[in-house]
Amino acid sequence: MFVPLERLINLNEGYRRTFQVDGRSLLLLVVDNQPLLLVDSCPHKGAPLNTATLAGNVLRCQRHGIEFQLPDGLPLQASCPGLSMLKVAYEGDRIGIDV
Ligand code: FES
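Residues numbered from 1 in each chain as written. Predicted model: local features only at pLDDT ≥ 70, side-chain atom pairs only at ≥ 80, totals over all residues. Heavy atoms only, no water.

**A few points about the pattern of salt bridges**
Proximity of charged atoms lets side chains of opposite charge pair with each other. Applying the stated criterion across every chain, the model contains 3 salt bridges. Here Asp93 makes a salt bridge to Arg7, at a shortest N to O gap of 3.7 Å. In this pair, Asp93 is assigned in the loop between β10 (89-91) and β11 (94-98) and Arg7 in strand β1 (residues 2-7), connecting sequence segments 86 residues apart. Residue Arg7 is classed as partly exposed on the basis of its relative accessible area of 38%. When salt bridges with common partners are traced through the structure, they connect Arg7, Asp93 and Arg94 into a single cluster. (Salt bridge = Lys/Arg side-chain N within 4 Å of Asp/Glu carboxyl O. Helix = DSSP H or I, 4+ residues; strand = E, 2+ residues; numbered from the N terminus. Buried < 20%, exposed > 50% of the residue type's maximum accessible area, 1.4 Å probe, protein only.)

**Focus: the side chain of Glu6**
Tracing the chain through its elements places Glu6 in strand β1. What makes Glu6 buried here is its relative accessible area of 9%. The contact partners of Glu6, leaving out residues within four places of it in the chain, are Leu11, Tyr15, Arg17, Phe19, Leu28, Asp93, Arg94 and Ile95. (Contact = heavy atoms within 4.5 Å.)

**Re the state of the cysteines**
Each disulfide consists of a covalent bond between the sulfur atoms of two cysteine residues. A complete count under the given rule lists 0 disulfides for this structure. The thiol of Cys80 is not disulfide-bonded; the next cysteine sulfur, from Cys42, is found 5.3 Å away. According to the relative accessible area criterion, Cys80 is buried, its value standing at 6%. (Disulfide = S-S within 2.5 Å.)

Set out below in structure tokens:
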């Protein structure tokens, strides 16, 4: 089932918004003009990533400073798992997720 999240026309560079889908908090952001969807929870200790800082394509969690490269979500510090990246889906003029 397709769950729409945002209208495509709103996906500008720097876009960032969280959504609740099936009890999970998801983060949709646009980096390098590419929409990326991930679980809004740092794989280190679970801090929300909606306040993470973004420098180029590196997302830095505010809580302990672990950094992740986008779009693959791999950690720059090997001791931490990567981000949970999710596949986006499209329907009509919306971006969303298939659940
Ligand atoms: S919770 Fe994100 S770096 Fe620790």
